[in-house]
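Given next are the chains, with one letter for each unit.
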Amino acid sequence: MAWHLYRLGRWSFTHRRVVLSSWLVLLVLIGAGAAAFSGKTSDQFDLPGIEATQAFELIKDRTPDAAPDGATARIVFEAPAGESLAEPANQEVVLDAIESTRTDHVVATTDPFTTGTVSEDGSVAYSTVSYDRTSVELTETDRSALEAAAEDPESAGLAVAIGGDALQEIPHTGTAELLGIGIAVIVLVLTFGSMLVAGMPLLTALIGVGIGVGSITALTGFVDLGSTTPILASMLGLAVGIDYALFIVSRYRSEVKAGHSFEEAAGRAVGTAGSAVVFAGLTVVIALAGLAIVNISFLTEMGLAAAATVAVAVLIALTLLPALFGFAGRRVTSGGLRFLQRSNPEGVEHQRTNGLRWAELVTRHKAVTFIGGLVVAGVIAIPVASMQLALPDDGTAAEGSGARIAYDTIAENFGAGTNGPLLVVVDTQGADDPQAAVDAVTGAVSAIETDIAAVVPPLTEQTPPEAAEAYTQQLEQAQYAIVTVLPESGPSDADTQTLVDDIRAAVEGVEGQTGASVLVTGQTALGVDISESLADAFPRYLLVVVGFAFVLLAIVFRSILVPLKAVLGFLLSVGVALGATVAVFQWGWLSGLIGLDTSGPVLFLLPLLLTGILFGLAMDYEVFLVSRMREEFVHGAEAVPAVITGFQFNARVVTAAAAIMIGVFGSFALGDDVIIKSIGFGLAVGVLADAFLVRMTLVPAFMALVGDRMWWLPRWLDRLLPNLDIEGESLRTRTAEAEVEKEREKAVTGAV
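Cut-offs and rules
Residues numbered from 1 in each chain as written. Predicted model: local features only at pLDDT ≥ 70, side-chain atom pairs only at ≥ 80, totals over all residues. Heavy atoms only, no water. pLDDT = per-residue confidence, 0-100. Helix = DSSP H or I, 4+ residues; strand = E, 2+ residues; numbered from the N terminus. Contact = heavy atoms within 4.5 Å. Phe/Tyr/Trp six-rings, centres within 6.5 Å; stacked < 30°, edge-to-face > 60°. Buried < 20%, exposed > 50% of the residue type's maximum accessible area, 1.4 Å probe, protein only. Lys NZ or Arg CZ within 6 Å of the ring centre and 35° of its normal. Pairing = 2+ DSSP bridges. Axes fitted to C-alpha atoms, helices over the stretch in contact; angles between N-to-C directions. Core = buried A, V, L, I, M, F, W, Y, C linked by side-chain atoms within 4.5 Å. Patch = residues over 30% accessible without salt bridge, like charges linked within 9 Å, V, L, I, M, F, W, Y side chains within 5 Å. Areas by Shrake-Rupley, 256 points an atom, 1.4 Å probe, with all protein chains shown as cover. Salt bridge = Lys/Arg side-chain N within 4 Å of Asp/Glu carboxyl O. Lys, Arg positive; Asp, Glu negative; His and termini not counted. Charge placed at Lys NZ, Arg CZ, Asp CG, Glu CD. Polar contact = N/O pair within 3.5 Å; in protein donor to acceptor, adjacent residues only side chain to side chain.

### Notes on the confidence of the model for the chain
Summary statistics for the chain give a mean pLDDT of 83 and a share of 91% for residues scoring 70 or more. Summarising per-element confidence for the chain, the mean pLDDT is lowest in helix α13 (residues 338–341) (49) and highest in helix α15 (residues 366–381) (94). Scored below 50 in pLDDT, residues 342–350 makes 21 contacts in the model with residues more than four places away or belonging to other chains.

### What to know about the packing of aromatic side chains
Taken as a whole and assessed by the stated rule, the structure comprises seven aromatic pairs. Between Tyr252 and Phe325 the ring centres are 3.9 Å apart and the planes differ by 5°, which places this aromatic pair in the stacked class. Here the residue Tyr252 occupies a position in helix α10 (residues 228–257), and Phe325 occupies one in helix α12 (residues 297–328), the gap between them amounting to 73 residues. Here Tyr252 falls in the buried class, since its relative accessible area comes to 0%. A cation over a ring is seen here: Arg16 above Phe327, with NZ or CZ 6.0 Å from the ring centre.

### Some points on the sheet that holds strand β2 (residues 106–109)
Adjacent strands of a sheet pair through backbone hydrogen bonds, lying either parallel or antiparallel. The four strands lie next to each other as β2-β3-β1-β4, forming an open sheet whose pairing is antiparallel. Both edges of this open sheet fall to β2 and β4 (159–164), since each of them pairs with a single strand only. Within this sheet the neighbouring strands show an average axis-to-axis angle of 20°, counted without direction. Relative to β4, strand β1 (residues 72–78) is paired through six bridges, and the arrangement is antiparallel. Considered in β4, the bridge of Ala73 is made with Gly164. Against the sheet, helix α16 (residues 402–414) contacts β1, β3 (124–131) and β4, and its axis sits at roughly 100° relative to β4.

### A look at unusual backbone geometry
Residues other than glycine seldom take positive phi values, yet Asp451 does so here, at roughly 65°. As for its placement among the helices and strands, Asp451 is situated in the loop between α17 (434–446) and β7 (452–456). Judged by relative accessible area, Asp451 falls into the buried class, the value being 12%. Its identity is not glycine, yet Gln479 carries a phi of approximately 60°, on the positive side. Its place among the elements puts Gln479 in the loop between α18 (465–477) and β8 (480–487).

### Thoughts on the environment of Thr472
Relative to the assigned elements, Thr472 resides in helix α18. For Thr472, a relative accessible area of 37% gives the class partly exposed. As for Thr472 and Glu263, which are separated by 209 residues in sequence, their C-alpha atoms are 83 Å apart.

### Quick look at the nonpolar core
Nonpolar side chains tend to gather and get buried jointly when the protein is soluble and globular. Ranked by size, the top nonpolar core spans 184 residues in total, and within it Ile503 and Phe665 carry the most contacts. Sequence-distant contacts of Phe665, that is, excluding residues within four places in its chain, are made with Met235, Leu236, Ala239, Leu617, Gly680, Phe681, Leu683, Ala684 and Val687. Counting residues in hydrophobic clusters, the runner-up holds 20 residues, among them Phe77, Ala79, Ala97 and Ile162.

### Focus: the sheet that holds strand β6 (residues 422–427)
On the basis of which strands lie adjacent, the open sheet formed by four strands has the order β7-β8-β6-β9 and antiparallel pairing. The open sheet has two free edges, formed respectively by β7 and β9 (517–521), since each of these has just one partner strand. Averaged over all neighbouring strand pairs, the angle between strand axes comes to 20°, with direction disregarded. Inspection of the sheet shows β6 paired to β9 by five bridges, in the antiparallel sense. Of the residues in β9, the one forming a bridge with Val425 is Leu519.

### Details of a negative patch on the surface
A contiguous patch of negative charge, built from Glu92, Asp96, Glu151, Asp152 and Glu154, is present on the exposed surface. Breaking the negative patch down by element, the ones donating at least two residues are α4 (88–99) and α7 (151–155). Considering every element that reaches the negative patch, the biggest residue donor is α7, with three residues. In this fold, Asp96 is placed in helix α4.

### A closer look at the environment of Ala580
Tracing the backbone through its elements, the reader meets Ala580 in helix α22 (residues 561–586). On a C-alpha basis, the gap between Ala580 and Val685 in space is 7.4 Å, while along the polypeptide they are 105 residues apart. In contact with Ala580, not counting residues within four places along its chain, are Ile380, Phe681 and Val685.

### Considering the side chain of Thr300
Within the secondary structure layout, Thr300 lies in helix α12. Using a relative accessible area of 18% as the deciding quantity, one classes Thr300 as buried. Setting aside residues no more than four positions away along its own chain, Thr300 makes contact with Leu291 and Ala292.

### Here we look at the side chain of Glu622
Here Glu622 is to be found in helix α23 (residues 606–634). Residue classification places Glu622 among the buried positions, given a relative accessible area of 1%. Among the polar contacts made by the side chain of Glu622, one reaches the side chain of Arg695 at a distance of 2.6 Å. Leaving out residues up to four positions away in the same chain, Glu622 has contacts with Leu553, Phe557, Val562, Lys565, Ala566, Ser627, Arg695 and Val699.

Printed below as a string of structure tokens:
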């Protein structure tokens, strides 16, 4: 592989105009496609086959005009101090505003004055607007009518806030991306001491992100994609794009300073560092694409989109970078900022660098360092034991947003559970007495003693005659009824999740007695079911990822203990990342530092997502650090000196790469959207733990403890495993042979 990459690097260097033009043309074409075909994104989370989704499907099958999973909006009205919404003038304004929301796609609106959704003091009321389609399918007319409904009440002095998913806002990350780029610029300038060289990784990363995200945007015109999908692709593409280019640029400067021509240095840099980049990129791509194993559509689309963007980043690093080397010429190694020139990452052979000092310290006190590192990781990972997972709701929306104001106002005046009612769907198709079955279910649910604010049966003495007639007709023809349960706790609270299980347990006996079947649905029930499905899929995914890592690392490093150590270190990194995320987002520790104004359960897809992404990134650092250690050992160094020397050569570049990733991911953690914030925070902490605690502390300490046995591999297995030549041994051999042949030709020519 190294030889082919060497040839690719030299070809890209000599054909730099063709390479640069090709990438720029592709960027322009994809940008045009994104502008022409882009569609709307959606954050609808569902999963076929779970109980909550089955309830929705039953309702739609029996009553085709119903849209139980359609978009909803909650319009909250609040009267000025000292006034009541029941006053005729205010009541008229409220009802007119509700009526103005009606469009062709509105299924129903509720009158707060007849449905009882007015607070006891009359100061607050809310109306629910239900649509026949999801939020992504709503037209501009639907949205405009909903937004305009607030204008007249506000002119009359009322406060209005609109929540629900009908006006779902697409998260924007422009500021976060700029902050991440700014941090990357600082790190690159400090690393290379040159603005020109620092700009190369940035330029290639931005082109890669543009191509990747542009392609995803164009696809939204044909495929339903979540709003988080392009943001995750942008986050990962920017981070790995800069990092991969950083390693190749660093190796290129080193080869030039070793006396090679610019073209030869480009070939050698791509053949050596490029081999590691290919392996690292491959691990990230496989880990992300492997999310398809769990068979959950929104995770699959996120994984594949991010994987494609990472693959583009690898291709650009292997081709566009050597082309840029050709354009830059000798300016890659000359000029720059003088006060930083002495701290370049190449040429460390004759210096006592900080990396050398750290490696000597860690290996000298290897036992204490190893045990201490494990204790630190274990303590930070403790919160994982109490991790709670849930779907995001308006309670985690940005403070001051309409959705958050509506959520908080309803919770304060009607109870937190009103924001997330549970729907108990009673399928009476197999019941001898349908109404008796509904009554039995209502009684069983009402008997639950904890966390129930109210149980609302489909028919009461206060039900208007028209509604009672419609219910009777539904029970006879559609053969189902809905019992509404209002919890005392909020939609994402652990008590509400427990209540879902309690309701399902309570109705089991009723099903056997009446012949009816009962399904529990609603936002919280949906979150519980999806979280349980993800929890069931997580071990399967982890087994595939860990198994793949072990096999691939065994092939690369020709060892059993190296991949075992790498996999266990990766699991430590995931534990630290999830533990810190639980402590900040669920427990609220230091949450103000990242602008988090409320605590709650962890995003339900975060464990799987972090595992997939951190796996790839962890293998990056493992390869970049340990490959040089193995090279030293193979060339005759003792085990501990090999660890120290290998660490010395690559520690600075790995430190810079990790700092860039932490900066990029951390900048996204400062945004407003809680989904992006939690992903960015978890990745930043995971990279911090993996690069500095695991790879640069625990790994050298453990390798020093084990000694020569670290590189043991049974002979029979050594014969079976293919040789990937990740260190470029074949390249060195072939280039050395080529140089000898040239010298021989010169000698023959001179003799003639």
